[in-house]
Amino acid sequence: MATQGERRAETRQRLLDAAADLFATRGVEASSVDAIAERAERTSGAIYDHFGGKDGILFALLEGWVDDWKDATA
């Protein structure tokens, strides 16, 4: 059985993956919180809980991509 921390981490990653996919295919403006949640098979409340909203999830994605780029160029 997964711990609460593991479930939270899985939800966070599912939301990030769904947002990245929708932002890439539809654009940020055309991707709603509800659409991201639906794609991740989670609730919109999970987005607000983890990221505070669509801007927060976009910022988390950008931060992750910058970190990945830094690691790749180090």
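Just above sits the structure.
Residues numbered from 1 in each chain as written. Predicted model: local features only at pLDDT ≥ 70, side-chain atom pairs only at ≥ 80, totals over all residues. Heavy atoms only, no water.

Thoughts on helix H3 (residues 44-51)
Side chains of residues three or four places apart in an α-helix project in the same direction, reflecting 3.6 residues per turn.
Part 1 of the argument: What H3 keeps buried is the set Ala46, Ile47, His50 and Phe51. The buried residues of H3 occupy an angular sector of 105° when projected down its axis, which confines them to one face.
Part 2 of the argument: Taken together, the buried residues of H3 touch helix H1 (4-26), helix H2 (33-40) and helix H4 (54-73). (Buried < 20%, exposed > 50% of the residue type's maximum accessible area, 1.4 Å probe, protein only. Helix = DSSP H or I, 4+ residues; strand = E, 2+ residues; numbered from the N terminus. Arc of directions from axis to C-beta. Contact = heavy atoms within 4.5 Å.)

With respect to a negative patch on the surface
Part 1 of the argument: A cluster of acidic side chains, namely Glu63, Asp67, Asp68 and Asp71, defines a negative patch on the protein surface.
Part 2 of the argument: Here Asp68 shows up in helix H4. (Patch = residues over 30% accessible without salt bridge, like charges linked within 9 Å, V, L, I, M, F, W, Y side chains within 5 Å. Areas by Shrake-Rupley, 256 points an atom, 1.4 Å probe, with all protein chains shown as cover. Salt bridge = Lys/Arg side-chain N within 4 Å of Asp/Glu carboxyl O. Lys, Arg positive; Asp, Glu negative; His and termini not counted. Charge placed at Lys NZ, Arg CZ, Asp CG, Glu CD.)

A few points about the pattern of salt bridges
Part 1 of the argument: Enumeration over the complete set of coordinates arrives at five salt bridges.
Part 2 of the argument: Its salt-bridge partner being Arg42, residue Glu10 comes within 3.8 Å of it at the nearest N-O pair. With Glu10 in helix H1 and Arg42 in the loop between H2 and H3, this residue pair connects regions lying 32 residues apart in the sequence.
Part 3 of the argument: A relative accessible area of 40% means that Glu10 is categorised as partly exposed.
Part 4 of the argument: The salt bridge partner of Arg39 is Asp21, with a shortest N-O separation of 2.0 Å. Here Asp21 lies in helix H1 and Arg39 lies in helix H2, a separation of 18 residues in the sequence.
Part 5 of the argument: Among the residues examined, Arg39 registers a relative accessible area of 40% and is labelled partly exposed.
Part 6 of the argument: The class for Asp21 is partly exposed, based on a relative accessible area of 33%.
Part 7 of the argument: A single network of salt bridges, built from pairs that share partners, joins Glu10, Arg14, Glu41 and Arg42.

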